[in-house]
Every structure is written in C-alpha cells, then in structure tokens.
Amino acid sequence: MDTTLLAEALGNLLTPQVLLAIVAGVVGGILIGALPGLSGTMGIALLVPVTFGMDPVAGIAMLTAIYAAATYGGSISAILINTPGTPAGAATALDGYQLTRQGKGAKALGVSALASTAGGLVSAFALLLLAPPLAQVSLAFSAPEYFLIAIFGLLIIGSLSAGSLLKGFVAGALGLLLATVGIDILTGYPRFTFGTTALQSGIQLVPALIGLFSLSQVLVLAEGRGTDRTGMAEGLRGRALPTLAELKRIGATILRSSGIGVFVGILPGAGGDIGSWVGYNEAKRFAKGPEKEEFGKGSIKGVAAAECANNAVTGGAMIPLLTLGIPGGSATAVILGGLLIHGLQPGGALFAESGGITYAIILGFLLANILMGIIAIAGARFFVRATRVPMSVLVPVIVALCVVGSFAVNNSLADVWVMLVAGAVGYVLRKVGVPPAPIVLGLILGAIAEKGLRQSVVMAQGDMIGYYLSRPLSVVLMALILLSLLAPVLARWLRKRIPEQEREKAAA
Amino acid sequence: MPQSPSPSPTAARPRRTPTPDLILGLSLIAVSLGFLAYTLGLSAQAAAWPRGVLVLLLVLAAAITVRALRSPAAPPGKRPEPVPAGGGESPAQDEAPGTEAPPADGEHGEWSRAVLRRPALTLAVVVGYVALLEIVGFLPATVLYLLGHLWFGGVRDWRILAGVVAGVVAFIQLLFVYQLSVPLPTGLLFE
C-alpha cells in the first residue's frame, strides 16, 4: 500500500460518522454476543439495511466491528454462567467458568478481552498484508473462473457446516434455485415468478438474509428454552486487569493462538468454533507440569488460548471474503451481502479501483479490535447488566427491526413478505439440520455461476472441456475443487476433537 | 443437547412415524419435481441452468430419503445433528450442560407440540403485524404489535411497555425516516 492510498484510506476512516459507526458496532456486537441465543450473524443481518444509507466505509466497518465484538461478547456469558453466547465461546467456558467459581470472574473477562483484542489485531494485520496480493489473482478471472469459483465456494461452505454433508449441499442447491427466480437476464423469460410482478426482479438478498438469520432465530428463541441469566452479575468479582506476571504467562499462548486462528479463518468454512477448540487444545498440549493440570480447572491460559484464537479467525475469514468473494461462514456471508448492496464486488477490483474504501474498511477493522479491548474492559459491568434484558422484551424489538429493515432496502412490502417466508422456512430447515449459510451463499453465487457457465459455453465454441483445460487458472481452480472434496474429512477430524472436550466439561 | 437419546415416551411410538429426515427428503423431491414441471414452459436456453440445479436437488433429496428409510428404527432422539453451527448460528444455550436447560424428554422433543406451539404463535402474530401494517400503516401497526407481543410474552409492567414502544418508534423514526429517508408505509386507510 503506497502512501497516497494510505492517506486516502485514513481520510475515509477518520471521519466522525465512521468512528461513531465503529463504536456503535463494537458496543452492539459485545451485547449481542453476550446474550445467549442471539448470534453475531443475526445482528449483522439486522443491521445490513441500516448500513444501506450510510457511506460504504462506515457501513461495512460497522458490520465487521459487530462481527469481531460479538465473537468476544460470546465469552462473557461463557465465563460468568457457563453458557457460551456463541458456539465459538464454548471452549472458553471450560476454564472461564471455573475461574468465576473461584471468584475470579472479572479476571477471566479481562484476560478474555485482552486475548480477543490481541488475536483480532494479529488477524487484522494478516488481512492487511495477505489480502492485496491474493486479490491480484482474481483480476485474471473470466467467465469460466467465475463459474468455478462459485462452485468452489458452495462446495466448501456446504461441506464444512457442522451438520450432515448432504444437508449442507441441499442448502446450497436451494440457494442456487432461489437465485434463478426472476427474469432471466439473457433471454428475458420470467422464471419461477408464478405470475407475480413482485418476484420478477428475483428474491432480494437482504430480506432473505434477515429472514434466514434473524427471524428464524427469533422463532428458535420463541421455543422458550432460554437461559437464566440472573447469575451473571454475581459472577463479576475481583480484579479485571491481569498482572504483569500473568501477562507474561499468557504471551506465548496468545501468539500461538493468533497464528492458529488466522490459519483456521482462512480455510473457508472452518469458523470460530473450530478455531477456539484448536487453539485451546494446542495451548494445553504445550503446557507443562502444574500448568497442564490447571487446564479445565480455571487456567487463564485456557481462556486466553480459546478467546484469542476465535477472534483471530475473524480477520482470517475476511481474507477469502474480500479477495475471492467466498465467505467462510454465516457471519461473513452476511457481510458479503453488505458489501454487495454497496456495490463492492469482492476481488481484485476491490483493492485496485476502490482501494481507498477497502483499505479504510480494513484499517477500521483494526481500530475496531483496539476499541473492543478498551470498551470491553471499561464497560464490563454495563454489558453484564444489559444482558439481563429478558427475551420477552428482546424478541418483539428484533421482529420490528426485521420488518423495518427488510422494507427499507427497496421500500417494498413484498420484501417484507419474502423475509417472513424466509424466516419460517429457515426455522423449519434449521430444525431438520439444513444450515442457512449455504442457502444465502447459493443465492449470492447462483447468478454469478449461471452467467459464468453460459458465457463460457459461448466462448468455448463447442469444446467445453478443452476450453476449461486450456486456461491455467481454471485448471488450478478445478484442482482446488477436487481438494475441497477432501475438506470435509479434515473438518470432521478437527471437529471430532470437540466432543471429547465437551464430555470433560460435562464431567467437571 | 436437548435431543440426545433418552428413554422417552416418543421413542415408544410406532416405528412408522415418519422421521423429520424422511419428510424433508420427500418434500424436497416434491419441490424439485414441481419446479421441473414449471421449467417445461420456458425456452431451452432459460431453462437449462435451473433444470441442472433442480436435478442436483432431486438427487440430493433422493439420497436423504433413502438414508432416512434405511434407518427406520430411528426414534426422535436419533437425529444427532445439532442445529448447524455454521460459524456462529446455533442457539448456544444448547451447549451448556449444567445450566438450567430442561431434560430432553418426549414432551419437550424437537417436534413436540409443546415446543412448536410458541414459535407457531409468534409467527402468526408477526404475520398479523405485517398484514396490519399494509392496512393501517407502519407506525400504528408497530405500536399495536409491540404492545401485543410484549403482553403475550408476559410483560405487564406499563413502564417497560411504554419504554420499549417509545424506544423502538424513536429509533426507527430517527434512523430510517430522518437519516435514511425511508418512506414507511402509511397504510391503505390513510392514503
């Protein structure tokens, strides 16, 4: 990044609107993460319409700030009441809750905040350094490559979601099907519009996102299997900031976990939950003597390892998102939706043509991580108190925001109905184990895949296989697709290490 | 996980009860066939890609159906797949043993009426809200909806009711109406 670009990016970043958006994102993200049952993805989906009217830097920086802060926020309830606010916080609960029982809840939160900040910062730097060269590759993409990259993205996200492989692919195929609704741009034929004019322009992404991630989550919450959160305030005792000696003890762990987190984040599909477990396990493996014994019984190293790794995943996950347009998980899929409504198409152009915006977003992410650490420690008591808001109050508020948000993007009531249907269908699909993230990705990538394939059919002039094989980048991508078929095996192997830990936790 | 296998009344049900997976597979087959029939009316060029996607969906649906049929003895507890995490999705309270999560018995199984009743009611309330806002406009409908849903959720304290309504309305007005100039629907009655 040259100095003029840096100056432009800083100029874009350091405006009151952007800074306010980042602070709001951090505070909101921590709250959403801390509330068991609300996920960062849900919050990001709800706020995508709000960012629509904002300047792109402010809007996207806010979404990424929520992503980072919610990942940290998940540790608050994990530590204080042994209930991870997000799946990525599950490993943190192991040692964090033990610390709370020993009257060191505040210390655990402090360590978690510091480790999260450190992991997030490392990942933001990794994003800053690794994304631009990778994005160069996509400048050489043409129709065949766009088709292949869309297939690659779908295969990856379908295969790596936690449930069954088949259902992940079903979700991806459903998304592709939804993407075909509307007037076919090449022939002008309306497809699957069932005679309505509302569907002619297709299924809009933002209402679908809000329905699938926010409304369906509301319906899950309505089942009323919420958690009793009253114990949280009592858990917050003791001194929050770690001593110098403690910092020295966790330094190496934080470094290791940052690296692990960034790496896991770059692997598309492997999210914060995998990152935190791998980080935790490695920290335990590296510990010696009495320190090793301490794991599971209230080790600050355990808290630091898990929390640092899951926040390091966030920046890592944004690398494939910004360079190739492949989101690794549901949160990044929603952020992709946010980028698209601002007309920011991931890839080389994002860094070459709109570099001033893109670098400002990345630097904003860096800043969000610093602010997250400060706000988390300074506002711990506030966040803990805020989590006492009962679900019976939150649910109607979230629904009203779902409705106004899905209306606001196109000022269309039809979009509100799309959101409702997506929410109801998404709820049922979640219950049968079909994940929502691949549906959204299919909806986003469907049009790209179809256009790429149809254009390359024309370009190939009859010899499709020969044409694809004649393009080096296509060959690389096809090899990656083959490799990605192996990815489920890897993910399963990584995930297999989780239940063992869960059992330990249950026994503890 | 609440749906972990446990001796439960539902497990004793006759085996023919279709599993959720079987229903999923069959519905997906129906959806794919229905959409495939629809593509018959399209030009070959416009239909080619959707047909490809639908055939893929059909194959996947058939695989799910076959798998569901092959494990017919599966009691409800046999569905071990949790709501997929997908990088931050599943309601995390499921993952905390030792908290107050109720034991998973048949009464509280994933598909029992007791569990589905409240989401269904919630959905009905929300559908009513959206239908109402088409008629009376956004703000009156939202106020009525919030009061209704809060009441239905057991909130009786008038300070909370008033505070939530005022807060949400103010937030929407400030952000969407003034900041983003969204023309919120005024309803058929007042147009």
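None of the values given here were measured: they were computed from a predicted structure. (Residues numbered from 1 in each chain as written. Chains lettered and ligands numbered in written order. Predicted model: local features only at pLDDT ≥ 70, side-chain atom pairs only at ≥ 80, totals over all residues. Heavy atoms only, no water.)

Q: Honestly, the interface of chain B and chain A in this entry has me stumped. Any pointers?
A: Note: interface size is frequently given as the accessible area lost on complex formation between the parts. In this complex, chain B contributes 77 residues to the contact, which on the side of chain A involves 88 residues. Of the roughly 7100 Å² buried between chain B and chain A, counting both surfaces, carbon and sulfur atoms make up 75%. If you look at where chain B meets chain A, you find one salt bridge. Where chain B meets chain A, there are six residue pairs in polar contact (both at pLDDT 80 or more). Take the side of chain B that touches chain A: its biggest share by element is 13 residues, from helix 3 (residues 113-136) of chain B. Here the side of chain B that touches chain A is composed, by residue class, of 52 nonpolar, 15 polar and ten charged. (Contact = heavy atoms within 4.5 Å. Buried area = accessible area lost by both parts, 1.4 Å probe. Salt bridge = Lys/Arg side-chain N within 4 Å of Asp/Glu carboxyl O. Polar contact = N/O pair within 3.5 Å; in protein donor to acceptor, adjacent residues only side chain to side chain. Helix = DSSP H or I, 4+ residues; strand = E, 2+ residues; numbered from the N terminus. Nonpolar A, V, L, I, M, F, W, Y, C, P; charged D, E, K, R; others polar.)

Q: Would you mind showing me how to read helix 6 (residues 105-138) of chain A here?
A: An α-helical segment advances 3.6 residues per turn. Residues three or four places apart therefore align on the same side. For helix 6 of chain A, with 34 residues, the first-to-last C-alpha span of 47 Å sits near the 50 Å given by 1.5 Å per residue. Taking the largest bend as the criterion, helix 6 of chain A deviates by roughly 35 degrees, centred on alanine 131 of chain A, and proline proline 132 of chain A comes between one and four positions later. (Expected span 1.5 Å × (residues − 1). Bend = angle between axes of the 7 residues up to and from the residue.)

Q: When you look at the pattern of salt bridges in this model, what are you seeing that I'm missing?
A: Pairing between side chains of opposite charge can happen when their charged atoms approach one another. Residues and elements named next belong to chain A. Enumeration over the complete set of coordinates arrives at 14 salt bridges over all chains. Arginine 191 serves as the salt-bridge partner of glutamate 450, at 2.9 Å between the closest nitrogen and oxygen. Linking glutamate 450 in helix 21 (residues 436-460) with arginine 191 in strand 2 (residues 190-191), this pair joins segments that are 259 residues apart in sequence. Per residue, the accessibility class of glutamate 450 equals that of arginine 191, and both read buried. Counted as one network, the salt bridges with shared partners bring together Asp184, Arg191, Glu450 and Arg454. (Buried < 20%, exposed > 50% of the residue type's maximum accessible area, 1.4 Å probe, protein only.)

Q: Explain the packing of helix 9 (residues 205-222) of chain A against helix 20 (residues 413-431) of chain A to me, please; I cannot follow it from the model alone.
A: All names here are of chain A. Look at helix 9 against helix 20: their axes get within 7 Å of each other, and the N-to-C directions meet at 50 degrees. In terms of orientation, helix 9 lies oblique with respect to helix 20. The way helix 9 lies across helix 20 gives a crossing that is right-handed. Residues Pro207, Ala208, Ile210, Gly211, Leu212, Phe213, Leu215, Ser216, Gln217, Leu219 and Val220 of helix 9 touch helix 20, and the partners they reach there are Asp415, Val418, Met419, Leu420, Ala422, Gly423, Ala424, Gly426, Tyr427 and Arg430. (Axes fitted to C-alpha atoms, helices over the stretch in contact; angles between N-to-C directions. Parallel < 35°, antiparallel > 145°, perpendicular 65-115°, else oblique. Left-handed = near helix turned anticlockwise from the far one by under 90°.)

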